[in-house]
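The primary structure of each chain is shown beneath.
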Amino acid sequence: MYTLYWSHNSASIAAHYCLEESGAKYDAVLIDMSKEQHKQADYLKINPAGKLPALKLPDGSVISECAAISLLIADRFPQAGLSPAADDPKRGAFLMWLFHLNNTLQPAMLRFYYPDRITTEANGLAGVQASAQAEIEKLWARIDAHLAKNGPFLLGERFSAADALCFMLSTWQDCCPDTYKRFPHLKRLAEKVRARPAIARVAEFNHVGPVAA
Ligand SMILES: N[C@@H](CCC(=O)N[C@@H](CS)C(=O)NCC(=O)O)C(=O)O
């Protein structure tokens, strides 16, 4: 049995999408970020970083990082088709997109949502957010251009765990207003991902609404 530690509107959603798609048996334990439960001793024993998500594996060990969790689940449940196999020609592009989203786009979003972690200057917060927003817009524009040529998914016709992560990030729009209006190919990816039955179940569980302009 796997145990996912999750909270509304957090990076746990991408890992949750992959777990549900995989058919793995798992429990979902709410660590309510709005009540600061992720900073409390009980959760810090599970994930000393105090961040979500974390996943307890059947052997009792725990891993964090939503992309690592997604990749591990993809590898352990290959029949779910969440990632191309190691020797598949699309494996490199899959890893590239998964890491790009988690390592470049998501940190820009974190700079927007937690500007006080970038500067200690109270009057510098708006500037940090503005530069983060500009970076996010540039990154979405590149992804949208890629999808226009090579979509509808990041790997073309084939859905993967990278699309689940892309969809989750595309729903975080305070940092990039009107994301779907401005990036129609990203919107098309979001609609296709959101329409998958397993993803829809998790989206509803997490109160992620339908894809709307
Ligand atoms: N790189 C990590 C980022 C995790 C992360 O920053 N999660 C946020 C929620 S989206 C969090 O736990 N924030 C609480 C905090 O940083 O105090 C991942 O992809 O899992």
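Residues numbered from 1 in each chain as written. Predicted model: local features only at pLDDT ≥ 70, side-chain atom pairs only at ≥ 80, totals over all residues. Heavy atoms only, no water.

S.K.: Help me out: how do you make sense of helix α9 (residues 197–205) in this one?
M.R.: Every buried residue of α9 is listed here: Ala198, Ile199, Ala200, Val202 and Ala203. Each element contacted by the buried residues of α9 is listed here: α1 (12–22), β2 (26–30), α6 (161–170) and α8 (184–194). Looking at the residues trailing α9, positive phi occurs at His207, about 60°. (Buried < 20%, exposed > 50% of the residue type's maximum accessible area, 1.4 Å probe, protein only. Helix = DSSP H or I, 4+ residues; strand = E, 2+ residues; numbered from the N terminus. Contact = heavy atoms within 4.5 Å.)

S.K.: Please explain the packing of aromatic side chains as it appears in this structure.
M.R.: In this description, a pair of aromatic rings is defined by centroid distance and the angle of the planes. Summed over the entire model, instances satisfying the criterion amount to six aromatic pairs. Ring geometry for Trp6 against Phe205: centres 4.7 Å apart, planes inclined by 50°, an arrangement best described as tilted. With a gap of 199 residues between them, Trp6 in strand β1 (residues 2–6) and Phe205 in helix α9 connect regions that are remote in the sequence. A relative accessible area of 6% places Trp6 in the buried class. (Phe/Tyr/Trp six-rings, centres within 6.5 Å; stacked < 30°, edge-to-face > 60°.)

S.K.: How should the UniProt feature "domain: GST N-terminal" (unreviewed entry) in the chain be read in this particular structure?
M.R.: Under the UniProt annotation, "domain: GST N-terminal" (unreviewed entry) lies at residues 1–81. From the first C-alpha to the last, residues 1–81 spans 20 Å; its make-up is 35% helix and 20% strand. (UniProt positions renumbered as here; feature names shortened; annotations may be inferred.)

S.K.: Which parts of the structure should I look at to understand the pattern of salt bridges?
M.R.: Proximity of charged atoms lets side chains of opposite charge pair with each other. This structure, assessed with the given rule, holds eleven salt bridges. The partner of Arg158 in a salt bridge is Asp88, with the nearest N and O atoms 3.7 Å apart. Highlighted residues: Arg158 in the loop between α5 (125–150) and α6 and Asp88 in the loop between α3 (66–76) and α4 (91–113), separated in sequence by 70 residues. The exposure class of Arg158 is partly exposed, given its relative accessible area of 27%. Overall, the relative accessible area of 24% leaves Asp88 in the partly exposed class. (Salt bridge = Lys/Arg side-chain N within 4 Å of Asp/Glu carboxyl O.)

S.K.: So what exactly am I meant to see when it comes to unusual backbone geometry here?
M.R.: Only a minority of non-glycine residues have a phi that is not negative, and only a minority of peptide bonds are not trans. In this structure, Pro53 follows Leu52 across a cis peptide bond, with omega equal to 5°. For Glu65, which is not glycine, the phi dihedral falls at a positive 80°. Topologically, Glu65 is positioned in the loop between β4 (62–64) and α3. In this structure, His207 is a non-glycine residue whose phi angle is positive, near 60°. Structurally, the position occupied by His207 is in the segment after α9.

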